[in-house]
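# Structural overview
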Amino acid sequence: MTMTPLVSVDWLSEHLGDPDLVILDATIPKIGEVGPHPLAEQRVPGARFFDLNGVFSDKNTDLPHNLPSPEVFTAASRCLGINSKSKIVVYDHHGIYVSPRVWWMFRAMGHGRVSVLDGGLPKWISAGFDTDTKRPSVEQDGDFEARLNSELVCDAAWVLANLANPSAKLVDARSRGRFCGVEPEPRQGLHGGHIPGSLNLPFDLVLRDGQFLPIDELAKVIHELDLGDGPLAFTCGSGVTACIILLACELILPNPKRVFDGSWAEWGHPEKQFPIET
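Everything numeric in this text was worked out from a predicted model, so none of it was measured. Sequence order sets the numbering: in each chain, residues are counted from 1 along the sequence as written. Per-residue local features are limited, in this predicted model, to residues with pLDDT of at least 70; the limit for side-chain atom pairs, both in listing and counting, is 80 or more; totals at the level of whole chains, interfaces and linings are taken over all residues. Only hydrogens and water are set aside when side-chain values are computed; all heavy atoms of the structure are taken into account.

## Re the packing of aromatic side chains
Formally: Aromatic contacts are taken between Phe, Tyr and Trp rings whose centres are within 6.5 Å, Trp giving its six-membered ring; a plane angle under 30 degrees counts as stacked, one over 60 as edge-to-face, and the others as tilted. The secondary structure listing takes helices from DSSP runs of H or I that are at least 4 residues long and strands from runs of E that are at least 2 residues long, numbered from the N terminus. Relative accessibility decides the category of a residue: with a 1.4 Å probe and only protein chains considered, values under 20% of the type maximum give buried, values over 50% give exposed, and everything between is partly exposed.
As enumerated under the stated definition, the model contains nine aromatic pairs in all. Between phenylalanine 73 and phenylalanine 144 the ring centres are 6.4 Å apart and the planes differ by 80 degrees, which places this aromatic pair in the edge-to-face class. In this pair, phenylalanine 73 sits in helix H2 (residues 70-79) while phenylalanine 144 sits in the loop between helix H4 (120-126) and strand S6 (153-154), placing the two residues 71 residues apart along the sequence. The exposure classification of phenylalanine 73 matches that of phenylalanine 144, with both residues buried.

## Focus on the pattern of salt bridges
As a reminder, the rule being used: The term salt bridge refers to a pairing of a side-chain nitrogen on Lys or Arg with a carboxyl oxygen on Asp or Glu at a separation within 4 Å.
Under the counting rule described, the total for this entry stands at nine salt bridges. Arginine 174 is paired through a salt bridge with glutamate 185; the nearest N and O atoms lie 2.7 Å apart. One end of the pair, arginine 174, is in the loop between strand S7 (169-172) and helix H6 (176-180); the other, glutamate 185, is in the loop between H6 and strand S8 (199-200), and 11 residues separate them in sequence. Like arginine 174, the residue glutamate 185 is buried in the burial classification. A salt bridge links arginine 208 to glutamate 217, with the shortest nitrogen-to-oxygen separation between them at 2.4 Å. The class for arginine 208 is partly exposed, based on a relative accessible area of 41%. By relative accessible area, which is 31% here, glutamate 217 ends up partly exposed.

## Structural notes on the sheet that holds strand S1 (residues 6-7)
For clarity, the cut-off: At least two DSSP bridges between two strands are required for those strands to pair. We call two residues in contact whenever any of their non-hydrogen atoms come within 4.5 Å of each other. Where helices are involved, their axes are fitted lines through C-alpha atoms of the stretch in contact, as for all axes, and angles between N-to-C directions lie from 0 to 180°.
A sheet is described by the order of its strands in space; here five strands give the open sequence S1-S5-S4-S2-S3, paired in parallel fashion. Because the sheet does not close on itself, it has two edges, and the strands there are S1 and strand S3 (48-49). Here strand S2 (residues 21-25) pairs with S3 via two bridges, running parallel. Opposite aspartate 25, over in S3, you have phenylalanine 49 as the bridge partner. Against the sheet, helix H3 (residues 99-108) contacts S2, strand S4 (87-91) and strand S5 (114-117), and its axis sits at roughly 180 degrees relative to S5.

## Examining the packing of H3 against helix H8 (residues 242-250)
Formally: An angle counts as roughly parallel when it lies under 35 degrees, as roughly antiparallel when it exceeds 145, as roughly perpendicular when it falls between 65 and 115, and as oblique in every other case. Charged means Asp, Glu, Lys or Arg here, nonpolar means Ala, Val, Leu, Ile, Met, Phe, Trp, Tyr, Cys or Pro, and polar covers whatever is left, Gly included.
Direction vectors running N to C along H3 and H8 enclose 70 degrees, while the axes themselves pass 8 Å from each other. Judged by the angle between their axes, H3 and H8 are roughly perpendicular. In this structure, H3 contributes Pro100, Arg101, Trp103, Trp104 and Arg107 to the contact, and H8 contributes Cys243, Ile244, Leu246, Leu247 and Glu250. Taken together, the residues that form the contact of H3 with H8 break down as seven nonpolar, no polar and three charged.

## Notes on H2
Since the α-helix turns once every 3.6 residues, residues separated by three or four places project in the same direction. For H2, every residue scored as buried is listed here: Phe73, Thr74, Ala76 and Ser77. Here the buried face of H2 lies against H3. One or two positions beyond H2, positive phi appears at glycine 81, with a value near 80 degrees.

## A word on the sheet that holds S8
Paired through backbone hydrogen bonds, the strands of a sheet run either parallel or antiparallel to each other. Spatial ordering of the open sheet is given by S6-S12-S11-S7-S8, a layout of five strands whose pairing is parallel. Two strands close off the open sheet at either side, each with one partner strand: S6 and S8. Bridge count between strand S11 (residues 232-235) and strand S12 (residues 257-260): three bridges; the pairing is parallel. Paired with alanine 233 across the strands is arginine 258, a residue of S12. Sitting on the sheet, H8 touches S7, S11 and S12, and the angle it makes with S12 is about 175 degrees.

## Some points on the state of the cysteines
Put simply, the test is: The disulfide criterion used throughout: a pair of cysteine sulfur atoms within 2.5 Å.
Summed over all chains, the structure comprises zero disulfides. With no disulfide partner, cysteine 243 has as its closest neighbouring cysteine sulfur the one in cysteine 236, 7.0 Å distant. The thiol of cysteine 249 is unpaired, and the distance to the nearest cysteine sulfur, on cysteine 243, comes to 12 Å. For cysteine 249, a relative accessible area of 0% puts it in the buried group.

## Some thoughts on the nonpolar core
Selection rule: Throughout this description, the term nonpolar core refers to a set of buried Ala, Val, Leu, Ile, Met, Phe, Trp, Tyr and Cys residues connected via side-chain atoms within 4.5 Å.
Counting residues in each nonpolar core, the largest one holds 59 residues, and the members touching the most others are Phe50, Trp104, Phe106 and Val206. Element by element, the count of residues in this core is highest for H8, at eight residues. The contact partners of phenylalanine 106, leaving out residues within four places of it in the chain, are Leu24, Phe50, Phe73, Ser77, Ile82, Ile88, His111, Val114 and Phe144. Formed by 15 residues, the second largest nonpolar core is a distinct cluster that contains Val7, Val89, Tyr91 and Leu117.

Spelled out as structure tokens, the structure:
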């Protein structure tokens, strides 16, 4: 079965009994969020917790949310009961926030049967579907083996090498104020501004009420950037919201796409001395 990048809450409700289905709750707090999320104790029935801030981030770097090694990703995925044939649906409590990051991570690690729940838990609840407060135990480890697809991720060296490449476009998901360097970065100590030549598409422009815009509206937003047909790379503060606009573009454009995993947490660090525009 081919999994589309997005699935609706109706689709998920109809497939809850599928034996290969694995539902992942990938919620993390937004930067600056104080206290537990109002939906913190609720989950889609059977959902397992994907710990992005824990085992699914590289502990050998100070950069937040970077991909762990394939070996670490394999072990952590197997502990969640994920098999090579699993149908993975990932959601978060914010509607759309971190779930596209997890969708991209699995694709980058070679698992193609993964989708984002459009609207996340708020949409699930508003549609009248039941929730659960129990975190299920995993009865048997999975057999998924991660293999990194390097064409879906890039580092600062790749970005530097493509600064003068007119066919390669870099799209930044941060707010306009952060992109222009007139709003402070939420992570202290980072420079303001943006990578030279990059384009700005604040991630909230592709969303409405915690869901992706309808396809016709989304296409209008994407096409206004005039991205051409060359390779696209996506960046943000730490590689999370970059995946929101990557997924939005995946729904519209066939271009090859990758994430700059270090994002502004790496590029904007004073010790790196990378070129910056404001």
